[in-house]
Amino acid sequence: MIKYAFIALLFFKFANSQNVKVLQEHGFENLQEFYKEDQYTLFYEDNLYRFPADGLYQVLELINISTKASNAKVVILNKGVPIVEMRFTSRDYAKLKTKNSTIEDFLSVATIDFTDEKYNTEKTLNNSYFKTDLSLRFQLDYTLGNFDNPIRQRVNFQPYLSTDLSKGVNFETYYNVPEFDDLGYKEPQVGLLRLSNDFKIDKSSFLNFNFGFFTFNRLGITTNYLKFLYKDKLRMNIHLGLTRFGKLNKDLILYSYLNTDLRLDFFSDLTYRINKYDMDLTFRYGSYILGDVGYTAQIRRFSGQRFIGLFYKKTNYGTMVGFDFSLPLPIRKYGRKLPVRAKFYDRFYLPYNYRSDTEVGLLYYQGDNIISRMTDYFPEILKKGVLRASKRGR
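Residues numbered from 1 in each chain as written. Predicted model: local features only at pLDDT ≥ 70, side-chain atom pairs only at ≥ 80, totals over all residues. Heavy atoms only, no water.

Q: Got a minute to help me understand the overall build of the chain in this structure?
A: A tally of regular secondary structure across the chain gives five helices and 20 strands. For 394 residues, the compact-globule estimate of 2.2 N^0.38 gives 21 Å, and the chain sits close to it at 23 Å. Along the three orthogonal principal directions, the C-alpha set of the chain runs to about 85 × 45 × 35 Å. The proportion of buried residues among the 394 residues of the chain is 49%. For the chain, the proportion of contacts with a sequence separation of at least 24, taken over those separated by at least 6, is 55%. As presented, the chain carries roughly 19800 Å² of accessible surface, and 60% of it is formed by carbon and sulfur atoms. (Helix = DSSP H or I, 4+ residues; strand = E, 2+ residues; numbered from the N terminus. Rg over C-alpha atoms; globule rule 2.2 N^0.38 Å. Buried < 20%, exposed > 50% of the residue type's maximum accessible area, 1.4 Å probe, protein only. Contact = heavy atoms within 4.5 Å. Areas by Shrake-Rupley, 256 points an atom, 1.4 Å probe, with all protein chains shown as cover.)

Pasting the structure below:
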């Protein structure tokens, strides 16, 4: 009896071990699986698809899970850090694979939530580290309302380099090249050059540290803390930065003065999410990079990776109202078979500020990190994204 049980266990492990091989062939990274009693757990990182929900749908299409494991769990990583998991029974999954249930039925019984699973980087297959993305990013600066030239603009071309060095550790830089400049001469220079480290404190808490050069010619260190207070519906973000003037010009010569323009900026966000409408309501209070103190009220409506928002800022420097939006580029997938990959930057972001008298509530760009991209991994956004991906796949 023991002999037959042992043979059955070996067959079960062999059948499921094909999953990591199949996913590796398709380009998924940081692959790992393990078994615990009747639980099958699969880890993967998706650096192929622009939207994590598209990658999750593809994983569900590619893998096969033996019914000898009563329960299954698929964990999504970012930079080797576990973010969210999808839990379901092997019986429900078998019904989906055999077309005995619809994707809507499967999603209604599956659970997507933030995860507390531990990931062992030493047992990974096809790790994502020391693979480099070379992206082309665009940024548009503009002003409206001049009588002689009603629309003045500057198009910034930004070759962008990003690479993950180890679990949670990322290096990013871009070089800003302004062209078609109606706003006044601005010389090319390094716009961002920083080292970042993301940590997962617990199931619903994340910490991020950055050191290097940021936008608005800031050089220093920053930290960001994200805590989900109630599921993905209520979250708090705390930012603290200590920077001074510093930049690398077009010849990569450092301009910096140790005791000049040292600034401490800090603020806290509280965001309530209405999942029914994919809407975020945010209130921020604190000190900003120009030294002004005040608050920002913001509302954003999401559709997948798109959003459009309205904001109102009031500080001791004045008031400002405006809107912003972000659009993903239409290319959904980029292969990564070589150590270096060329691509377009994933998104185009554009704000419009109606200024009262000066810059108000300015935030400098710190590069991408887990906290800044967290909305892509919200359980409700993933669930709706998987459903949309299934409709496109039919």
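Don't stop here, the text continues.
Q: Honestly, a nonpolar patch on the surface in this entry has me stumped. Any pointers?
A: A cluster of nonpolar side chains, F211, I221, L240, L242, L262, L264 and F266, forms an exposed patch at the surface whose accessible area comes to about 690 Å². For the nonpolar patch, the elements supplying multiple residues, two or more each, are β12 (234–248) and β14 (263–274). (Patch = residues over 30% accessible without salt bridge, like charges linked within 9 Å, V, L, I, M, F, W, Y side chains within 5 Å. Salt bridge = Lys/Arg side-chain N within 4 Å of Asp/Glu carboxyl O.)

Q: Would you mind showing me how to read the pairing of strand β19 (residues 340–344) here?
A: Two faces belong to every sheet, and in a regular strand the side chains alternate between them. Only one face of β19 is buried: it carries R341 and K343, and the other face, with V340, A342 and F344, is open. For strand β6 (residues 132–144) and β19, the ladder comprises five bridges, and the chain directions are parallel. Residue pairing for β19: S135 is matched across the bridge by K343. (Pairing = 2+ DSSP bridges.)

Q: Which parts of the structure should I look at to understand the pairing of strand β10 (residues 205–214)?
A: Of all 10 residues that make up β10, seven are buried, and the element is covered over most of its length. Sheet analysis places strand β9 (residues 189–202) next to β10, joined by nine bridges and oriented antiparallel. Note on β10: the bridge partner recorded for N197 is F209. What sits between the antiparallel neighbours β9 and β10 is a turn of two residues. Two strands pair when backbone bridges link them, and β10 and strand β11 (residues 218–230) are joined in this way by 10 bridges, in the antiparallel orientation. Bridging from a neighbouring strand, G212 pairs with G220 of β11. Hairpin connection from β10 to β11: three residues lie between these consecutive antiparallel strands, with F216 at a positive phi of about 60°.

Q: It is not clear to me how the packing of aromatic side chains should be interpreted in this structure. Could you clarify?
A: Remark: the centre distance and the inter-plane angle together describe each pair of aromatic rings, the angle taken between the planes. What the rule picks out here adds up to 23 aromatic pairs. What links up through ring pairs into an aromatic cluster is the set F28, Y44 and Y49. (Phe/Tyr/Trp six-rings, centres within 6.5 Å; stacked < 30°, edge-to-face > 60°.)

Q: For this particular structure, what's the right way to read helix α3 (residues 90–97)?
A: Think of an α-helix as turning once every 3.6 residues; residues three or four places apart then point the same way. Of all the residues in α3, the buried ones are S90, Y93 and L96. Buried residues in α3, looked at end-on, bunch into an arc of 115°, giving them a common side. Contacts made by the buried residues of α3 are with α2 (52–62), β3 (71–78), β4 (81–89) and α4 (103–109). Where α3 ends, the next residue or the one after it, K99, has phi of about 65°, a positive value. (Arc of directions from axis to C-beta.)

Q: I keep staring at the environment of L192 and nothing clicks. Help me out?
A: Relative to the assigned elements, L192 resides in strand β9. Exposure remark for L192: the relative accessible area of 0% places this residue in the buried category. Sequence separation between L192 and F43 is 149 residues; the distance between their C-alpha atoms is 32 Å.

Q: What is the right way to read the pattern of salt bridges from this model?
A: When charged atoms on two side chains of opposite charge get close, those side chains can pair. Applying the stated rule across the entire model yields 27 salt bridges. Linking D269 and R284 is a salt bridge whose minimum nitrogen-to-oxygen distance equals 2.8 Å. Here the residue D269 occupies a position in strand β14, and R284 occupies one in strand β15 (residues 279–287), the gap between them amounting to 15 residues. When sorted by exposure, D269 lands in the same class as R284, which is buried. In the salt-bridge network here, residues are joined through shared partners; they are K343, D346, R347, D368, R373 and D376.

Q: Sorry if this is basic, but what is going on with the side chain of R300 here?
A: For R300, the location among the structural elements is in strand β16 (residues 293–303). Among the polar contacts listed, one links the side chain of R300 to the side chain of D324, at a separation of 2.8 Å. The residues contacting R300, other than those within four sequence positions of it, are D278, M279, D280, F307, I308, G309, D324 and Y349. (Polar contact = N/O pair within 3.5 Å; in protein donor to acceptor, adjacent residues only side chain to side chain.)

Q: Mind showing me how you'd approach unusual backbone geometry here?
A: If a residue is not glycine, its phi is most likely negative; likewise, a peptide bond is most likely trans. A positive phi angle, close to 60°, is found at N126, a residue other than glycine. Position of N126 among the secondary structure elements: in the loop between β5 (111–114) and β6. The exposure class assigned to N126 is partly exposed, which follows from its relative accessible area of 22%. In this model, F130 sits at a positive phi of 60°, which is unusual for a non-glycine residue.

Q: In this structure, what is going on with the sheet that holds β5? I would like to understand it.
A: Where strands meet in a sheet, backbone hydrogen bonds hold them as pairs that are either parallel or antiparallel. An order of β1-β2-β3-β4-β5 is seen for the five strands of this open sheet, with the pairing classed as mixed. With one partner strand each, in any of the chains shown, β1 (29–36) and β5 form the two edges of the open sheet. The mean inter-strand angle of the sheet, taken between neighbouring strand axes irrespective of direction, is 20°. Relative to β4, β3 runs antiparallel, the two sharing eight bridges. Bridge pairing in β4 links L77 to P82. Of the strands in this sheet, β2 (39–45), β3 and β4 touch α2, which is tilted by about 135° from β2. Here α3 sits on the sheet in contact with β3 and β4, set at roughly 80° to β4. (Axes fitted to C-alpha atoms, helices over the stretch in contact; angles between N-to-C directions.)

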